[in-house]
Amino acid sequence: MKLYTKGGDKGRTSLIGGERVRKTDVRVEAYGTADELQANIAYLADRMAHEAALAPYVDDCRKVCSLLMTSCSLLALGSHCEYNIPQLTDENIAWLEGRIDALQDGLKPIEYFTIPGGCELSSLCHICRTVCRRAERRAIEAAENYDIDKNVLVLLNRLSDYLYALCRTITERLEAEEVLWQP
């Protein structure tokens, strides 16, 4: 089987279930941005794997990538599709919330907003965080027009919080400067 089908040459693609839509369809934008986020988090995990102080967070990122793949599948479902797609469960959300709490418990409180920077890995994590927020906006837009699993929206919302806490944790573990906004 060839990788290319030529089916998208005129700006259309298929959703899961066969429904053909424009490549600019809000669902395509949503799962495409979630896919971009997944790739960025995988890169972050690969880079963190080289830092012993960050090794505990690599597995978190790998699990998040799996949850994002599920989210992409749910966002790519065509209307009236009967495919059996894995679901995002309340337990998945609770796991992520637990990871956020664990990260927060190890950090000192701050009084000002954090500005991206301080070290390369923290900046990369901030890129993931901002892509996550864009993915959430695209998923919300899709949910305004289509039946989108509510846990996709919850996951993306919590994930940006997780990534913020991870940014701060990376900075602390690598003993980098935490850049704070000084208005």
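Keep in mind that what you see is a predicted model, and the values were worked out from it rather than measured.

Asker: Explain the overall build of the protein chain to me, please; I cannot follow it from the model alone.
Answerer: Assigned secondary structure in the protein chain consists of five helices and two strands. Written out in order from the N terminus, the α and β elements of the protein chain read β-β-α-α-α-α-α. Summarising its shape, the C-alpha atoms of the protein chain cover approximately 50 × 35 × 35 Å along the three principal directions. Relative to its 183 residues, the protein chain shows a buried fraction of 43%. Sequence-distant contacts, at least 24 apart, represent 73% of the contacts inside the protein chain between residues at least 6 apart. Of the roughly 10300 Å² of accessible surface on the protein chain, 50% is carried by carbon and sulfur atoms. Once the 22 positive and 28 negative side-chain charges of the protein chain are each reduced to a mean point, those two points are 8 Å apart.

Asker: It is not clear to me how the state of the cysteines should be interpreted in this structure. Could you clarify?
Answerer: Disulfide: a covalent bond formed between the sulfur atoms of two cysteine residues. Within the structure shown, the criterion is met by zero disulfides. Just so you know, Cys128 is unpaired, no disulfide at all, and the nearest cysteine sulfur is the one on Cys125, 5.8 Å from it. Free cysteine: Cys132, not disulfide-bonded; nearest cysteine sulfur from Cys128 at 8.9 Å. Cys132 gets classed as buried once you look at its relative accessible area, which sits at 0%.

Asker: I'm lost on the side chain of Thr33 in this one. Help?
Answerer: Summarising the element assignment, Thr33 is placed in helix 1 (residues 26-48). Judged by its relative accessible area of 4%, Thr33 is buried. Polar side-chain contacts of Thr33 include one of 2.8 Å to the backbone oxygen of Glu29. Setting aside residues up to four positions removed in sequence, Thr33 forms contacts with Val131, Arg134, Ala135 and Arg138.

Asker: Explain the nonpolar core to me, please; I cannot follow it from the model alone.
Answerer: Buried together is how nonpolar side chains tend to be arranged in soluble globular proteins. The biggest cluster of nonpolar side chains holds 51 residues, and the ones touching the most others in it are Leu37, Ile41, Leu44, Met48, Leu159 and Leu166. Looking at this core, the elements with two or more residues in it are helix 1, helix 2 (55-75), helix 3 (90-105), helix 4 (120-145) and helix 5 (150-173). In this structure Leu159 touches Leu37, Ile41, Val64, Leu68, Leu96 and Cys132, once residues within four positions along its chain are discounted.

Asker: Explanation requested: unusual backbone geometry in the structure shown.
Answerer: Trans peptide bonds make up the majority, and among non-glycine residues the majority have a negative phi. If you check the backbone angles, Glu175 has positive phi at about 55° while not being a glycine. Summarising the element assignment, Glu175 is placed in the segment after helix 5. Of the residues examined, Glu175 reaches a relative accessible area of 75% and is grouped as exposed.

Asker: Please explain the packing of aromatic side chains as it appears in this structure.
Answerer: Two descriptors summarise a pair of aromatic rings, namely the distance from one centre to the other and the angle between the planes of the rings. Within the structure shown, the criterion is met by one aromatic pair. Measuring from ring centre to ring centre gives 6.0 Å for Phe113 and Trp181, while their planes differ by 40°; the resulting arrangement is tilted. Here Trp181 lies in the segment after helix 5 and Phe113 lies in the loop between helix 3 and helix 4, a separation of 68 residues in the sequence. Taking the relative accessible area as the measure of exposure, Phe113 reaches 62% and is therefore exposed. Note that Arg27 overlies the ring of Tyr146, its terminal NZ or CZ placed 3.7 Å from the centroid.

Asker: Which parts of the structure should I look at to understand a positive patch on the surface?
Answerer: The grouping of Arg12, Arg20, Arg22 and Lys23 at the surface amounts to a positive patch. Among the structural elements, Lys23 can be located in the loop between strand 2 (20-22) and helix 1.

Asker: Got a minute to help me understand the packing of helix 1 against helix 2 in this structure?
Answerer: How two helices pack is summed up by the angle between their axes together with the distance between the axes. Axis separation between helix 1 and helix 2 bottoms out at 9 Å; the angle between their running directions is 165°. Our classification of the angle between helix 1 and helix 2 gives roughly antiparallel. Like other packed secondary-structure pairs, helix 1 and helix 2 cross with a definite hand, here left-handed.

Rules and cut-offs
Every chain's residues receive numbers from 1 upward, in the order its sequence appears when written. Local features in this predicted model are restricted to residues of pLDDT 70 or higher, and side-chain atom pairs are both shown and tallied only at a pLDDT of 80 or more, whereas totals for entire chains, interfaces and linings draw on every residue. Side-chain figures throughout are based on the complete set of non-hydrogen atoms in the structure, without hydrogens or water. Starting at the N terminus, helices and strands are each numbered in turn, a helix being any DSSP run of H or I of at least four residues and a strand any DSSP run of E of at least two. For every residue, the accessible area (1.4 Å probe, protein chains only) is compared with the maximum for its type, and the residue is labelled buried under 20%, exposed over 50%, or partly exposed between those bounds. For this analysis, residues touch if any pair of their heavy atoms sits within 4.5 Å. Surface exposure here means Shrake-Rupley accessible area, sampled with a 1.4 Å probe, where a residue is shielded only by the protein chains that are shown. Residues scored as charged are limited to Lys and Arg (positive) and Asp and Glu (negative), so that His and the chain ends carry no count. Note on charges: their place is set at NZ of Lys, CZ of Arg, CG of Asp or CD of Glu. For this text, the term disulfide refers to a pair of cysteine sulfurs within 2.5 Å. For the purposes of these results, a polar contact is taken to be a pair of N or O atoms within 3.5 Å, where, inside protein, one atom must be able to donate a hydrogen and its partner to accept one; residues adjacent in sequence count only when each atom of the pair is a side-chain atom. To qualify as a nonpolar core, a set must consist of buried Ala, Val, Leu, Ile, Met, Phe, Trp, Tyr and Cys residues joined through side-chain atoms within 4.5 Å. What counts as a ring pair is set by centres within 6.5 Å for rings of Phe, Tyr and Trp (its six-membered ring), and what kind of pair is set by the plane angle: stacked under 30 degrees, edge-to-face over 60, tilted for all other angles. We count a charge as sitting over a ring when the NZ of a lysine or the CZ of an arginine lies within 6 Å of the ring centre and within 35 degrees of the ring normal. Exposure above 30% relative accessible area and the absence of a salt bridge qualify a residue for a patch, where like charges join within 9 Å and nonpolar side chains (Val, Leu, Ile, Met, Phe, Trp, Tyr) within 5 Å. In what follows, salt bridge is the name for a side-chain nitrogen of Lys or Arg lying within 4 Å of a carboxyl oxygen of Asp or Glu. What counts as an axis is a line fitted to C-alpha atoms, over the stretch in contact for a helix, and the angles between N-to-C directions run from 0 to 180 degrees. Roughly parallel refers to an angle under 35 degrees, roughly antiparallel to one over 145, roughly perpendicular to one between 65 and 115, and oblique to any angle outside these ranges. Left-handed describes a crossing whose near helix is turned anticlockwise from the far helix by less than a right angle; the clockwise case is right-handed.

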